[in-house]
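For reference, the chains in residue letters:
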Amino acid sequence: MTHAMLKGANVPLDASAVRAVLRWTPGPGIPDVDASALLVGSDGRVRADEDFVFYNHVRHPSGLVRKLSKKRIPEGNTDTVVADLSSLALDASVDRVVVAASLDVESFEGATFEHVRDLRILLYDATVAGAEPLAVFDVKPETGEETAVICGEVYRRGEGWKFRAVGQGYPTGLIGLATQFGVSVDESEAAEGADAARPEPAEGAGSPSAPSPAGEPVTQAAPPTSSPARPAYGYPHPAPPQPQSPPAYGYPQSASTQPAYGYPQPAAAAAHAPDPNFRLPPMGPQFIRG
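So, a few notes on the structure that sits alongside this text. Remember, it's a predicted structure, so these values are computed and weren't measured experimentally.

Cut-off values and rules
Residues numbered from 1 in each chain as written. Predicted model: local features only at pLDDT ≥ 70, side-chain atom pairs only at ≥ 80, totals over all residues. Heavy atoms only, no water. Helix = DSSP H or I, 4+ residues; strand = E, 2+ residues; numbered from the N terminus. Phe/Tyr/Trp six-rings, centres within 6.5 Å; stacked < 30°, edge-to-face > 60°. Buried < 20%, exposed > 50% of the residue type's maximum accessible area, 1.4 Å probe, protein only. Lys NZ or Arg CZ within 6 Å of the ring centre and 35° of its normal. Contact = heavy atoms within 4.5 Å.

Observations regarding unusual backbone geometry
Even without a glycine there, the phi angle at Asp-118 is positive, about 60°. Structurally, Asp-118 can be placed in strand E10 (residues 117-125).

Below, the structure written as structure tokens:
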């Protein structure tokens, strides 16, 4: 049975692994969408930068969360994140896996989620081939200024897991969302990533018309102004670079923390041992049109 969810609703999960699929309808003036995931502790923050899985870092070192290649299917374009819940259950330091969507705003000047048609997140049991989705949530923009949005989250509840439909938007793009969860971004490295060659836009995509904001944007830190190369549909993602000496992270962090969507969990000793030499691949800043 598929649960058609409203914002804020939750459903229990009886699956050892889940596949979260973002799906949208492409066409002229429709920007491309990127899926990402953050492994978050009970304090609402990542334990280390490697807990951020996105298009330039597609597999968590533990292998428990990974991003798949984009696809074009008859229903639209998709981008997918897979999480192994049975193994994550053994790591008490992970409280939830946040699934987010962001836009390629450099290729589509002024693009916001107001320009994206039929965006939804579909949650599947990853162990059952061809099964109906466990849950479906249609993601709608609230202000018209969103360039990144938390679509949903898989979180602990007692001895099991639940899925919550979130739909919280950010006008500061992927970098703004990531830094809210404690991810460090090196400003100089992000700028270098903007010079990388970009693939051709998705079929049917074009330059959007000027956005029509609806309401005031959420207050966030001012974003930088570019974005990195993304892999083409169906092609393997680039492998993360070899570990190097950690950069001097100079990007300012927000003093605020992300609201705790799930129920508070007792503090637990971290089972994850971050690699001290891990270096997050360049994301590139994102341009946001006011």
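Here we look at the packing of aromatic side chains
Aromatic rings considered in pairs are described by the distance between their centres and by the relative angle of their planes. One pass over the structure, following the stated rule, counts two aromatic pairs. Ring geometry for Phe-52 and Phe-54: centres 4.6 Å apart, planes at 10°, overall stacked. Just as Phe-52 is buried, Phe-54 falls in that class too. Ring geometry for Phe-54 and Tyr-55: centres 5.2 Å apart, planes at 70°, overall edge-to-face. Each of the two residues, Phe-54 as well as Tyr-55, counts as buried. One aromatic cluster in this structure is built from Phe-52, Phe-54 and Tyr-55. Just above the ring of Tyr-124 sits the side chain of Arg-19; from NZ or CZ to the centre is 4.7 Å. Stacked on the ring of Tyr-155, the Lys or Arg Arg-164 has its end atom at 4.2 Å from the ring centre.

A few points about the environment of Val-82
Topologically, Val-82 is positioned in strand E8 (residues 76-84). The exposure class assigned to Val-82 is buried, which follows from its relative accessible area of 7%. Between the C-alpha atom of Val-82 and that of Tyr-124, which follows or precedes it by 42 residues, the distance is 9.4 Å. Ignoring sequence-local partners within four residues, the contact set of Val-82 consists of Val-18, Arg-19, Leu-64, Val-65, Arg-66, Leu-68 and Ala-126.

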